[in-house]
Amino acid sequence: MKVELTRVKVKEGKSYKVDEWMKLLHNRMDEVLLTLGNEKMFVETIFREVVNGDEFLYWYSVQGEGGTYVEDSHHDIDRLHLEYWEECIDSSYEPMDMKTEVVMIQENIRNVIREDS
């Protein structure tokens, strides 16, 4: 099981596109959830923050082992997701992976993750 929190920076002037992106994910949630199974992604959450005028997105995830990569997906929603990523995320800013200190997941949930991994 992999638990991650990663911060990425939004390109300057692309906040409106991030709004569109998040709306797309909300509006097509049924499709989004279908793709998570192939990725063995049990929890994926996106947070948003502005600090000193810079905008950041944070990806929190709980993922099983051996899932497919979103880049390898044949689903239209994943293709769109990656297009928004390319347009909105500043590739010159090194993504920041937060250090995991403590993972608190009940054993019954861990067992489900293990079974599906």
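Coordinates for the structure precede this section.
Residues numbered from 1 in each chain as written. Predicted model: local features only at pLDDT ≥ 70, side-chain atom pairs only at ≥ 80, totals over all residues. Heavy atoms only, no water.

Visitor: Is there a simple way to think about the packing of aromatic side chains in this case?
Guide: The geometry of an aromatic ring pair is captured by two quantities: the separation of the ring centres and the angle between the planes. Considering all chains together, one arrives at five aromatic pairs under this definition. Ring centres of Trp21 and Tyr84 lie 6.1 Å apart, and the angle between their planes is 10°; on these two criteria the pair is classed as stacked. With Trp21 in helix H1 (residues 15-27) and Tyr84 in helix H3 (residues 76-88), this pair connects stretches of sequence that are 63 residues apart. Their ring planes at 85° and their centres at 6.3 Å tell us that Trp21 and Trp85 sit as a pair that is edge-to-face. Placement of the pair is Trp21 in helix H1 and Trp85 in helix H3, with a sequence separation of 64 residues. A residue is classified by how much of its surface remains accessible, and Trp21, at 0% relative accessible area, is buried. Classification of Trp85 by relative accessible area gives partly exposed; the value is 28%. (Phe/Tyr/Trp six-rings, centres within 6.5 Å; stacked < 30°, edge-to-face > 60°. Helix = DSSP H or I, 4+ residues; strand = E, 2+ residues; numbered from the N terminus. Buried < 20%, exposed > 50% of the residue type's maximum accessible area, 1.4 Å probe, protein only.)

Visitor: When you look at the sheet that holds strand E2 (residues 41-51) in this model, what are you seeing that I'm missing?
Guide: Two strands in a sheet stick together by hydrogen bonds in their backbones, pointing the same way (parallel) or opposite ways (antiparallel). Strand order in this open sheet of four strands is E2-E3-E1-E4, and the pairing throughout is antiparallel. Looking at strand neighbours, the two that pair on one side only are E2 and strand E4 (96-97), the edges of this open sheet. (Pairing = 2+ DSSP bridges.)

Visitor: Sorry, what's going on with the side chain of Lys17 here?
Guide: Looking at the secondary structure, you find Lys17 in helix H1. Given the relative accessible area of 15%, Lys17 is considered buried. Reaching out from Lys17, the side chain makes a polar contact with the side chain of Glu20 at a distance of 2.9 Å. Look past the residues within four positions of Lys17 in its chain and what remains in contact with it is Tyr84, Glu87 and Cys88. (Polar contact = N/O pair within 3.5 Å; in protein donor to acceptor, adjacent residues only side chain to side chain. Contact = heavy atoms within 4.5 Å.)

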